[in-house]
Amino acid sequence: MRRTISRAPRLARSLVSAKPISHNPPPLLSLPLKYTTLPNGVRVASDPTPGHFVAAGVYVDAGSRFEGDRTRGASHMTDRLGFKSTANRTAEQMTKEIEKLGGQFTSTSSRESMMYQATTYTRDLPQAISILSDTVLHAQLTAEELDAQRDSAAWEVSELNSKPDMILPERLHEVAYRDNTLGNPLLCPEAKLETMTPSTLHEFRDLWYKPDRLVLAGAGMEHEQLVELAHKHFGDLKSSSLSLSSTASLLSSSRQSSNLSSKPSISKFLSTSASNGANIVPTPSSTDFSSSAIDPNSFEYLATANARYTGGELYIPDPTLEFTHFHFAWEGLPITDPDIYTLATLQMLLGGGGSFSAGGPGKGMYSHLYTKVLNQYHAVDHCVSFHHCYVDSGLFGIQISVKDAFVNQTPGLIATIISSLTHVTRGGINPTELERAKNQLKSNLAMQLESRIIQAEDLGRQTQVLGHKVTTEETAKRVDAVTMQDIYRVASRVLRPWTSPIISDRSKTGKPTVIVQGQLDRLPDVMGTLKRWDLVGPS
């Protein structure tokens, strides 16, 4: 798994200033992004920004949301078997070639994408593309290789189960999307580890690794060179009449069901099934597909299945934990919604962090959750906002960790904070916080793109989802355009959708998803508390 390293900004002062960054900065030398679609459907996207290194990646329209009962856990195990033996290279040859090239080669699985990426010297781009294509198209996935990964995968599952900060985001998805799509676990369930076979992995790959579901993206090279390499290594891949871009289908469905006109949030947190002893209180889904005549394991069903937000509650008693951990979430917006920039700005405005930070401005210490929660209540160890967005849905909310004595006050505190986001109120969010959040969001986006590998990933994922990349300049303009009224309006769309003028919003339940793990003896009626603040949907 590739680790993401967040760097402190050099110009910290700009992040805490109440003044917006100038709307008329000096013009930037922005080279045009280019796109080509091969005859078989493989898409090629390039960012020619020059440098000593290049980055390239193959992005497959697959992932855990597309797994059926037969292939549950396949994306995780396929990820772990990346860059092993292929039809053209033994595992030893693969390792030696990568070591000789240097740089970084990674494979990553997420809910909506499988990513194979490499960064290396410019002169070694042809060999890097050869290695990427070989592991994507010709992986052998032998029984010996799979067996070697079982123990390490089991350890990975066990290790994450012992860390609430890592596993609870996955519990959140499982409850929020009960038994469908985005609720599928990212990690291979322990029960499936024992029964997983190479044929299961081949079935998964045969189903999803098709040319019109592949994007080859690169940063630091000429477009013509990347297209030539794409023809060489991916041009012979045969298209299938059954193939269908899930992203395109889901986007079409999403646009039909709402008034929709960003960059996707690429989550890499891991997940397993719910803990034993957990008290699960699901909220009934508004749509039941159980009687569908289509085989739920078929390509046609899985490729077009929309995410169904169900909401619900999950309480996991664990008196051994030092802190009790809460997650409060509501259904957010899909990444194609034009209000996604406003919601991202709101998440940045809320910010948050831990009770101790060695940093100053730019570390979140001036964010709303820091000033209103962490600095006011010393029993709170950690409080941060989160925003997960996907092709056709999303999750928005707050996670907080508190000492046992503060458990009974936590639901009321979060309800107060959340409710204040929808209207002008004393002690609520203010224009100074908004301008700071906009500056910080733009700075973070720009600094992340200093990394070659993130440049390629951003281009590849946006091409996969939107068909093109929204440029940094355009993103900055959309963030700059966010107003306080936009914040209140979009917060109301998410937290009280039944009040929205948008018809598709009013079809949402507005039910929250609540996850709590730790000392539960002092826990009050969480849903009752949220209901008093009008945050659980109409009765």
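Residues numbered from 1 in each chain as written. Predicted model: local features only at pLDDT ≥ 70, side-chain atom pairs only at ≥ 80, totals over all residues. Heavy atoms only, no water.

Asks: Tell me about the packing of helix α12 (residues 340-350) against helix α18 (residues 484-495), and please be specific about residues and values.
Replies: Packing of α12 against α18 brings their axes to within 9 Å, and their N-to-C directions diverge by 95°. Classed by the angle they form, the pair α12 and α18 counts as roughly perpendicular. Touching T342, L343 and L346 of α12 are D486, I487, V490, A491 and V494, all from α18. Looking at the contact of α12 with α18, its residues break down into six nonpolar, one polar and one charged. (Axes fitted to C-alpha atoms, helices over the stretch in contact; angles between N-to-C directions. Helix = DSSP H or I, 4+ residues; strand = E, 2+ residues; numbered from the N terminus. Parallel < 35°, antiparallel > 145°, perpendicular 65-115°, else oblique. Contact = heavy atoms within 4.5 Å. Nonpolar A, V, L, I, M, F, W, Y, C, P; charged D, E, K, R; others polar.)

Asks: An account of the side chain of R111 is needed here, citing residue identities and associated values.
Replies: Locating R111 in the fold gives a position in the loop between β4 (104-109) and β5 (114-121). On the basis of relative accessibility, which here comes to 3%, the residue R111 falls in the buried class. (Buried < 20%, exposed > 50% of the residue type's maximum accessible area, 1.4 Å probe, protein only.)

Asks: Residues and numbers for the pairing of strand β8 (residues 312-317), please.
Replies: Counting buried positions along β8 yields five of six residues, so the element is predominantly enclosed. As paired strands, β8 and strand β13 (residues 513-518) are joined by six bridges and run parallel to one another. Counted as the bridge partner of L314 is I515 from β13. (Pairing = 2+ DSSP bridges.)

Asks: Could you give an account of the packing of aromatic side chains, naming the residues involved and the relevant values?
Replies: One pass over the full model with this rule turns up nine aromatic pairs. On the basis of an interplanar angle of 70° and a centroid distance of 6.4 Å, the ring pair of F83 and Y116 is categorised as edge-to-face. In this pair, F83 is assigned in the loop between α2 (74-80) and α3 (91-101) and Y116 in strand β5, connecting sequence segments 33 residues apart. Seen from the ring of Y121, R123 lies directly overhead, with NZ or CZ sitting 4.7 Å from the centre. Directly above the aromatic system of F66 lies the positively charged group of R213, at a separation of 5.6 Å from the ring centroid. (Phe/Tyr/Trp six-rings, centres within 6.5 Å; stacked < 30°, edge-to-face > 60°. Lys NZ or Arg CZ within 6 Å of the ring centre and 35° of its normal.)

Asks: Quick rundown of the confidence of the model for the protein? Include the residues and the values.
Replies: The predicted coordinates should not be examined in detail at positions where pLDDT is low. Of the residues in the protein, 83% reach a pLDDT of 70 or more, and the chain-wide mean stands at 86. Scored below 50 in pLDDT, residues 254-291 makes 103 contacts in the model with residues more than four places away or belonging to other chains. (pLDDT = per-residue confidence, 0-100.)

Asks: Which residues make up the nonpolar core, and what values do they have?
Replies: In terms of nonpolar packing, the biggest core is built from 57 residues, with F328, I400, L421 and L530 touching the most fellow members. With eight residues, α12 is the single largest residue contributor to this core. With residues up to four places along the chain from it excluded, the contact list for F328 reads F386, F396, G397, I398, I400, T410, P411, I414, T513, V514, V526 and L530. Within the second largest apolar cluster, 49 residues are counted, among which are A128, M196, L201 and F204. (Core = buried A, V, L, I, M, F, W, Y, C linked by side-chain atoms within 4.5 Å.)

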